[in-house]
Amino acid sequence: MESTNHLNQQEYGAIERAPLPRNMIENSMFEEEPDVVDLAKESPSYPIDSDDVVYEPRSSRLLVRGLGENDLDEDEEDYESSARLLGMSFMNRSSNQRSASSSYTRQQPSGSCSMPSAKTTVIGVLILVVVVSIFMVIYFVPGCTFTRNGCSKTNSTINKIFPISTSGELFPWTELRLPSSVHPVRYDISLHPDLKNMSFQGSVSIKVEVLHETKIIVLHSSDMNITKATFEGKVVPVLEYKPWQQIAIKFPEDLKKGTYGLNIDYTASFSNSYDGFYNSSYVDTNGTKRVLAATQFEPLAARKAFPCFDEPAFKSTFLIKITREPNYISLSNMPKVKTTNLKNGLQEDEFKESETMSTYLVAFIVAEFISYSRNVSNTTVSVYAVPDKKEQVHYALDTAAKLLEFYNTFFEIDYPLRKLDLVAIPDFLAGAMENWGLITFRETTLLVGNNSSPIDKQLVTSVIAHELAHQWFGNLVTMRWWNDLWLNEGFATYMQYMSISNVFPDLDINTEFLNVRFKALAKDALNSSHPVSAVVSTPEQVEEMFDSVSYEKGASILLMLNATLRDGEFRKGVIEYLQKYNRSNTESEDLWNSLSQVSKQNVNVSEMMHTWTVHKGFPLVTVKRNGTQVTLSQEHFLLNAGNSMDDSLWHIPLTYVNESCSVLSSCKQVFHLKDKTAILKLPGKVKWLKFNFRSDGFYIVHYDVEGWKDLIEALQNVTVLPCEDRAALINNIFALSRLGKVSFRQVLNLMNYIKNETETAPLTEALFQLGQIYRLLDKRSELNLASRMKSYIDDHFGSLMESQSWELETSVSKMTLRSALLEMACSLNRLNCTTQAKRLFDQWVDSNKTFQIPSDLMTTVFKVAAQTDDGWDVLLSTYKHSICDAEKRKTLEALASTQDVRKIIWILQKSLDGSEIQTQEFPLVIHTICKNFAGYLYAWDFVKENWGKITQKFAVGSFAIQSIIMSATSQFSTKTHLMEAQNFFNSLGAKGSQMRIVQEATETIKQNMRWMEENLDTLQHWL
């Protein structure tokens, strides 16, 4: 699945990275058992009911900055384990027995005691052992309490072991993960969606195989009314435990090994969020409202559309039938086999039985779409959209065709299905979803209008490349459990960049890949991060895995490995992996073992890469040079480390260059750092050393004083290093400043060279880093320092800003740089920038919107226009009536950038309720408003006051929730706001306060506070 992380990053521009989306060893799959006492009390996975939230928001708008910095008390809850509670119960009973028998105990005279004889002691111990044993048998024998008539009464303590089902009976399963004794073999699914009443009827027939004798079958079901269930033709009762979205069927005798048939009839309403089987709507150009139904099952929502074994390892085949009205079409994973006319005027479409696949990849759509198609390598590739946008599908069709041919060749395994549909959904939360044979997209990530720029095409190409890569990584070979999600998402992310650099070199995708690697480093530097392969069990934890670590860090370590191996060994290992585990489930070690088998390098791939998947974070490599002897050391790069005693060690394939050869790939040399410290002997003297060539490695490098001095001097000739290395030096030194390893004065020393810089990657990285500091100062009302930072940016980038063209441009690299420079210039109210933006906007309005504003400048131009009432009104009308989705999204971002409080409140309300702005855009609205001084406190208050509604729209732990929380809090840097954020999230209870993104938000605020405290004086002195 393509998270909106990538979408947001592309569209927010280079200087404002998207908020980091949030955070495994497979042998822990079945190890975590729930607390037995808490089972029946477990609250539903999501959403959090607004009635359960007791927090009364205190208006942040009334907090005068610099005031109210008092400590607030924090409530702490002590959660006791069920084992402890059972132990306490036992001790209490024993205590009562001792108290009752105390009258029979002879009291010794005060101040004296007598020692029992050895015989008495032995007899006493034996009696005690017998009594305790009898008591424990009576207490713990399952399902039985002894009476005079024998074992005839159910033991009440059994209720503490099994949860209570909705019928009041005991639910026969006590784990979030399904039992492994029964596996599905084939599903026959019949669905009849009713788009008028927003509900559907369904029937599923599951052929199951019993692998181990069992008396229960447990599977998933959520928000369904099961009307009838039969097993082998006999009606059977169904037990349901809603908090875990599980249903069960109990049998009086063990089911023997073999295959059986389970049939379930049910009804349900369409999902009111963006997962499961949900309804969507749009208004066409004639003003007519159109409705459709679509699916989004990853990670845990297939169970909302049909009862199923909803875990990745339970692969099966699927035969799907859909009943619809004649004016609609239906689509599913496989080609349609036939359409049958029914007596009631409806039609039933039947689709070919699918490949063996996981439930989260099943998909179906009922809509009024049209398509264009093309045959590519015996596969019919089609792109679907609403009729009004049929002319915007051609770029996607051409791109998908080229990328499909590339992947068929690269993997040496042809795409196995006869059709591949790419469908633009008008109301879709994720960037895209890789359903096998039926990939669904946001309209923004699939459709390309006539006036779309190469940057718009770069976004669409990236998302298509990502989803097509999933047809092999994720669909053909699937991770066994969500702990190894990176095997899907990390690989798809890496392949998207690698494939585009080969097939579409003009799109300058390598600069974008460098940018996301920097973003992944920033995310992974926090203590709230997690290993690439991390333990997950709850639905919220599964949702949280769809973050920068699984996507960008996963891709980054694959890039590092590919740069380490030679002679095409990486590709050979990938092909070996896909062939060996074709249509199976895997773990991380399976991939490393495949790569180890083909590698001829003197390095154990499995051992090396294991260190990168089991440790959270990444290493800081410190370089100290004394003549020809270089001392290298590694430690965990951890912001807010506190008293952490982390002894993690990575096997780091260090690359380095020196002044004699520093630009070509053939220049790099490799040293494997496995220990805490090591010595590198150089063959001769050098002027300087630069480690991590082109930033292909996932680590940050710190040099001693002389090392930094030598590199800063070398940068006076900007061509001495590749642009990736120059950008990395900027990124690393700002990170080291946050860590406290270098002073901010040293940062400014390095930044002096930037006036001579001309390349996109280092310039946009410098703008991003300085922009972060400027916004922090601005939001703290450090007005003098903010003004001086503005002057600093003007001094170092002003001439470059003035030299930018406002005409149409074709180079992606130049457009990326221009967009970043001019957006920064206009946001700082540089007169020439705002004047030019107003000029273009007026031309556009005067031409009745036919004048073409360069697409890469549209966001900047519209943001300037949105600061006036007339301009804002024009843009609102444009947003409502535009059929170009790239333009529509840029317009919305401009609307949300207004400084008018009334408009800010209006757009917050309308984007959440979905009445005039699609709810899928709410995270973008929050992000944009929070960038500006005028609205960020209003947005924070709005999130607090509407948390219940927000979590009904977006799943707890999902990327949308991650984005909302980080956007609203990441620029706080005062104790007041830290305590307010902590109190709010604590008020949400365990599921709210324990989200990893909440920990990340708190950690980020503390880091902002610390950095400000340590650097305000330096800024005062040197800016």
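The structure presented is a predicted model; accordingly, all values stated were derived computationally and were not measured.

The next subject is the overall build of the chain. On a plain count of helices and strands, the chain comes out with 30 helices and 31 strands. Put simply, the chain has 1023 residues, and 59% of those count as buried.

We now examine helix α13 (residues 705–714). By the burial criterion, the buried members of α13 are Gly707, Trp708, Asp710, Leu711, Ile712 and Ala714. In the core, the buried residues of α13 are packed alongside β25 (619–626), β30 (689–691), β31 (700–703), α14 (723–739) and α15 (744–751).

Quick look at the environment of Asn197 now. Inspection of the secondary structure assignment puts Asn197 in the loop between β3 (182–194) and β4 (199–210). In sequence terms Asn197 and Phe270 are 73 residues apart; their C-alpha atoms lie 9.3 Å from each other. A polar side-chain atom of Asn197 sits 2.7 Å from a polar atom in the side chain of Asp194.

Under the criterion given, the structure shown has two disulfides. Residue pairing for Cys661: its cysteine sulfur links by disulfide to Cys667, the two sulfurs lying 1.8 Å apart. A torsion of -65 degrees about the S-S bond marks the disulfide between Cys661 and Cys667 as left-handed. Relative accessible area serves as the criterion here: at 31%, Cys661 is assigned to the partly exposed category. Assessed through its relative accessible area of 7%, Cys667 is described here as buried. Shown here is the disulfide that connects Cys826 with Cys833, its sulfur atoms set 1.9 Å apart. The sign of the -100 degrees torsion about the S-S bond sets the Cys826-Cys833 disulfide as left-handed. Taking the relative accessible area as the measure of exposure, Cys826 reaches 7% and is therefore buried.

The next subject is the sheet that holds β4. Taken in spatial order, the eight strands of this open sheet run β7-β6-β10-β4-β3-β13-β16-β15, and their pairing is mixed. Edge strands, defined here as strands with exactly one partner in the open sheet, are β7 (234–235) and β15 (336–341).

The subject of this paragraph is the sheet that holds β25. Strand pairing in a sheet relies on backbone hydrogen bonds. The paired strands run either parallel or antiparallel. Within the open sheet, the four strands sit side by side as β29-β26-β25-β31. Their pairing is mixed. Edge strands, defined here as strands with exactly one partner in the open sheet, are β29 (677–681) and β31. Between one strand axis and the next, the sheet turns by 25 degrees as a mean value, whatever way the strands run. One ladder, built from five bridges, connects strand β26 (residues 629–636) with β29; its direction is antiparallel. Bridge pairing in β29 links Leu632 to Ala678. Of the strands in this sheet, β25 and β31 touch α13, which is tilted by about 105 degrees from β31.

Taken as a whole, the second largest pocket holds about 1,000 Å³ of empty space. For the second largest pocket, the lining is made up of 37 residues, of which Ser281, Tyr282, Val283, Gly914 and Gln918 are closest to its centre. If you list the elements that add at least two residues to the lining of the second largest pocket, you get β11 (276–283), β12 (289–296), α21 (869–881) and α22 (885–895). Examining the composition of the lining of the second largest pocket, we find that six residues originate from one element, β11, more than from any other. A per-class count over the lining of the second largest pocket returns eleven nonpolar, 14 polar and twelve charged.

Moving on: the nonpolar core. With 316 residues, the main nonpolar core has Phe306, Phe309, Ile464, Trp472, Trp482, Phe691 and Phe797 as its most contacted residues. With eleven residues, helix α4 (residues 394–411) is the largest single contributor of residues to this core. Not counting residues up to four positions away in its chain, the partners in contact with Phe691 are Val623, Leu632, Leu654, Thr655, Tyr656, Leu680, Val701 and Tyr703.

Further remarks concern the pairing of strand β27 (residues 652–658). Regular strands show a simple pattern: their side chains alternate between the two faces of the sheet. Most of β27 sits out of view: seven of its seven residues are buried. Burial along β27 is two-sided: Ile652, Leu654, Tyr656 and Asn658 and Pro653, Thr655 and Val657, pointing in opposite directions, are all buried. In this structure, β27 lies alongside strand β28 (residues 669–673), joined through five bridges in antiparallel fashion. From the neighbouring strand, Leu654 faces β28, where its bridge partner is Phe671. Of the pairings in the sheet, the one linking β27 to β30 comprises three bridges and is antiparallel in character. From the neighbouring strand, Tyr656 faces β30, where its bridge partner is Phe691.

What follows concerns the environment of Phe972. Positionally, Phe972 belongs in the loop between α27 (959–969) and α28 (975–987). Note on Phe972: relative accessible area 1%, which makes it buried. It is 9.5 Å that separates the C-alpha atoms of Phe972 and Thr1002, two residues lying 30 residues apart in sequence. Contact partners of Phe972, with chain neighbours within four places excluded, come to Tyr936, Leu937, Trp940, His977, Ile1005 and Asn1008.

Parameters and conventions
Residues numbered from 1 in each chain as written. Predicted model: local features only at pLDDT ≥ 70, side-chain atom pairs only at ≥ 80, totals over all residues. Heavy atoms only, no water. Helix = DSSP H or I, 4+ residues; strand = E, 2+ residues; numbered from the N terminus. Buried < 20%, exposed > 50% of the residue type's maximum accessible area, 1.4 Å probe, protein only. Contact = heavy atoms within 4.5 Å. Polar contact = N/O pair within 3.5 Å; in protein donor to acceptor, adjacent residues only side chain to side chain. Disulfide = S-S within 2.5 Å. Pairing = 2+ DSSP bridges. Axes fitted to C-alpha atoms, helices over the stretch in contact; angles between N-to-C directions. 1 Å grid on protein atoms, 1.4 Å probe; cavity = no way out; pocket = protein on both sides within 12 Å on 5 of 7 lines; lining within 4 Å. Points joined across faces, edges and corners; volume = space filled by probe spheres on them. Nonpolar A, V, L, I, M, F, W, Y, C, P; charged D, E, K, R; others polar. Core = buried A, V, L, I, M, F, W, Y, C linked by side-chain atoms within 4.5 Å.

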